[in-house]
Amino acid sequence: MIRFSSKPAWTLLAPKPGDAPATPYEPLETPLASSPGIVARALARVEYRTLTLLARVENALADGSLTLARPPNDLPALLRTADQLLTFARQEAGERASVWRCQCGTPYAVPVSLMRPVSIRCERCGRTVDLDPTRVEGESHVADPVTSEVNEYRRAVSALFREAMARGWPVLVAKVEPGKP
């Protein structure tokens, strides 16, 4: 598993004797995905400096380097990568769907635009649910659970990249054992 993180550059240096105590900070970290396949799928087509992001990460880990990007030199490339992550998440978000709810709370998502009202029977309580296009409760995206997890991971990595560059912190990458923080 791969974890992206970011913390101030001064924390990466060994403290000198007699230095003042370090000011507290909260490091930025991406959540761990449920499987390595999620990470590979999320990062596979995303480019970072002429290679895929996954290839860059694997090269950095193979070289023993923890640093993936350092501001200000890597700022434009990392922001382009963050944009690509969000673009792929939007493209694979699934089909737009209109959402209605039964009185018992059961949601019903219809992945097509209805031209006229339709009534269905609720699977849970048996009441009639009117799917009226003028009374839609909301919109959603219908996607399989794996695609949803891939897109959430992409959004988290993109947010970390943007926040790290805004703070001027380097982006680090590390290999993490599943089940360990």
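This text goes with the structure placed above it.
Residues numbered from 1 in each chain as written. Predicted model: local features only at pLDDT ≥ 70, side-chain atom pairs only at ≥ 80, totals over all residues. Heavy atoms only, no water.

Caption draft 1: Main features of the sheet that holds strand 11 (residues 171-175). Strand order in the open sheet formed by four strands is 2-1-11-5, and the pairing between neighbours is antiparallel. At either end of the open sheet lies a strand with only one pairing partner, and these are strand 2 (28-29) and strand 5 (67-69). Bridge count for strand 1 (residues 2-6) against strand 11 is five bridges, and the pairing is antiparallel. Bridge pairing links S6 to V171 in strand 11. Across the sheet, helix 2 (residues 53-63) lies against strand 1, strand 5 and strand 11, angled at about 75° from strand 11, the strand it touches most. (Pairing = 2+ DSSP bridges. Helix = DSSP H or I, 4+ residues; strand = E, 2+ residues; numbered from the N terminus. Contact = heavy atoms within 4.5 Å. Axes fitted to C-alpha atoms, helices over the stretch in contact; angles between N-to-C directions.)

Caption draft 2: Expanded view of the environment of G138. Position of G138 among the secondary structure elements: in strand 10 (residues 138-142). Exposure remark for G138: the relative accessible area of 24% places this residue in the partly exposed category. Considered as a pair, G138 and A60 are 78 residues apart in the sequence and their alpha carbons are 43 Å apart. Setting aside its immediate chain neighbours within four residues, G138 contacts A97, S98 and V99. (Buried < 20%, exposed > 50% of the residue type's maximum accessible area, 1.4 Å probe, protein only.)

Caption draft 3: Inspection of the nonpolar core at higher detail. One finds F4, L43, L53, Y153, F161 and V171 to be the most contacted residues of the largest nonpolar core, which totals 31 residues. Going through the elements one at a time, strand 1, helix 1 (36-43), helix 2, strand 5, helix 3 (75-91), helix 4 (145-167) and strand 11 are the ones with two or more residues in this core. It is helix 4 that contributes the most residues to this core, seven residues altogether. Those residues in contact with L43 that lie beyond four places of it in its chain are F4, T52, L53, L54, L85 and Y153. Counting seven residues, the second largest nonpolar core, distinct from the first, contains W100, C102, C122 and L131. (Core = buried A, V, L, I, M, F, W, Y, C linked by side-chain atoms within 4.5 Å.)

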